[in-house]
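Structure at a glance
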Amino acid sequence: MSPRLQAYADVTTFAEKACPFLLRDEACNNLQLGFIRHALEDPAFTFNFTATVESPTGQVVGVLTQTPGRSLVLSMLPPEALETVAQAVSEALPDLVGVNGPSDTVQSLAPLLAARLRASAVPHTHLGILTLRKVTAPSPAPGSFTIAQPEHLPIVLEWMSLFHEELTAMGAPPPASSTERQLHAAQVFLWLNQTSQPVSMAIQVRDLPNGGIIGYVYTPKARRGSGFAANCVANTSQIILDNGKEFCGLYVDLMNPISIRMYFKLGYGLIGESNEVRFTNDLPRPLLRHPTRYEWHVRVRS
């Protein structure tokens, strides 16, 4: 017997089934865990599709989530489940825009889905998942670290917009109300220069049972190269650890060796890779082969 897919209409029931499995690899599954927590806490947050993949004995071996208009997010899936998942998802989500998750699973599942959706599978992003359990202090930068205050909201919103302009693959920035909530929850952090002007930013975007995930690390172009980002991320990471978390995590573009070097020097290490593939009805294009861990590691160290 092959694995089967179980869809859910109720987020609480889904969470009860999915979370124990996702928490086995909390850092790599942080995106889905964050979505589920958001859905449980905020009735305005809705899923378009939720499902578990279960073995013939009823054991959860994979989790699928999708929010409206976004790619399907996957956990790692066993190879024997891929055909079942592709068939069920293509029937449930005929207008699916893409698939996002562990690189090996996405690279195997995307062509199966594309064939059923009569579309082409086109690589969209290739990210590394990094974690840290102890901060290595960077070289000091001039200025000081602070938790963002209400008066900082305009510059934070401006930088969020600029962040998405530079990383167009990330899509549109979140609603201003979401960023404002994070600021009032003391989850937005800034590095200030010697005249108390913000020069770098980092945001704790997800709070997990045992970890905190950092995102939106941004320094204006004119301010880069002075160590502001490294000091901002180091202090943000330390606050998360000091608040009782076992680890900090973040995503990094694996084609950006400058960022990777910075995070490595702070004590972060690679624990997983995440691909997003989009489906298009344009002329067929083969899936690109991304660099292996060894290849990009050599690139970073060179």
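Described below are features of the structure shown in this document.

Conventions we followed
- Residues numbered from 1 in each chain as written.
- Predicted model: local features only at pLDDT ≥ 70, side-chain atom pairs only at ≥ 80, totals over all residues.
- Heavy atoms only, no water.
- Phe/Tyr/Trp six-rings, centres within 6.5 Å; stacked < 30°, edge-to-face > 60°.
- Helix = DSSP H or I, 4+ residues; strand = E, 2+ residues; numbered from the N terminus.
- Buried < 20%, exposed > 50% of the residue type's maximum accessible area, 1.4 Å probe, protein only.
- Contact = heavy atoms within 4.5 Å.
- Pairing = 2+ DSSP bridges.
- Axes fitted to C-alpha atoms, helices over the stretch in contact; angles between N-to-C directions.
- Parallel < 35°, antiparallel > 145°, perpendicular 65-115°, else oblique.
- Left-handed = near helix turned anticlockwise from the far one by under 90°.
- Nonpolar A, V, L, I, M, F, W, Y, C, P; charged D, E, K, R; others polar.
- Salt bridge = Lys/Arg side-chain N within 4 Å of Asp/Glu carboxyl O.

For the structure shown, the criterion picks out eight aromatic pairs. On the numbers, 5.7 Å between centres and 15° between planes, the contact of phenylalanine 145 with phenylalanine 189 is stacked. Here phenylalanine 145 is found in strand β7 (residues 144–147), whereas its partner phenylalanine 189 is found in strand β8 (residues 188–192), with 44 residues between them in sequence. By relative accessible area, phenylalanine 189 is classed as buried at 2%. Every member of this aromatic cluster is reached through a ring pair, and the members are Tyr8, Phe14, Phe35, Phe45 and Phe47.

Another point: the environment of cysteine 19. Here cysteine 19 is to be found in helix α1 (residues 11–22). Here the alpha-carbon distance between cysteine 19 and glutamine 6, two residues 13 residues apart in the chain, equals 15 Å. With residues up to four places along the chain from it excluded, the contact list for cysteine 19 reads Leu33 and Ile36.

Turning our eyes to something else, we now look at the sheet that holds β8. Read across the open sheet, the twelve strands follow the order β1-β2-β3-β4-β5-β12-β6-β11-β10-β9-β8-β7; overall the sheet is mixed. Two strands close off the open sheet at either side, each with one partner strand: β1 (4–7) and β7. On average, each strand axis in the sheet is tilted by 25° relative to the strand beside it, whichever way the strands run. Direction of pairing for strand β9 (residues 198–207) relative to strand β10 (residues 211–218): antiparallel, over a ladder of five bridges. In the sheet register, arginine 206 faces β10, and the bridge partner there is isoleucine 213.

Running from N to C, α1 and helix α2 (residues 30–41) cross one another at 155°; their axes reach a closest spacing of 11 Å. The angle between α1 and α2 places the two elements in the roughly antiparallel class. Judged by the twist between their axes, the crossing of α1 over α2 is left-handed. For the pair α1 and α2, contact is made by Val11, Thr12, Phe14, Ala15, Ala18, Cys19 and Leu22 and by Gln32, Leu33, Ile36, Ala39 and Leu40, respectively. For the contact of α1 with α2, the per-class residue count stands at ten nonpolar, two polar and no charged.

Time to look at the pairing of β8. Of all five residues in β8, five are buried, a share of seventy percent or more. What you see with β8 is no split at all: Val188, Leu190 and Leu192 on one side and Phe189 and Trp191 on the other are buried throughout. Here β7 pairs with β8 via four bridges, running antiparallel. Bridging from a neighbouring strand, isoleucine 147 pairs with phenylalanine 189 of β8. Direction of pairing for β8 relative to β9: antiparallel, over a ladder of five bridges. Residue leucine 192 lies in a different strand from β9, and its bridge partner there is proline 198.

So, on to the pattern of salt bridges. The full count for this structure, using the stated rule, is nine salt bridges. Between arginine 37 and glutamate 41 there is a salt bridge, with the nearest N and O atoms lying 2.9 Å from each other. Of this pair, arginine 37 and glutamate 41 both sit in helix α2, four residues apart, which is roughly one turn of that helix. Among the residues examined, glutamate 41 registers a relative accessible area of 56% and is labelled exposed. Between lysine 245 and aspartate 207 there is a salt bridge, with the nearest N and O atoms lying 3.1 Å from each other.

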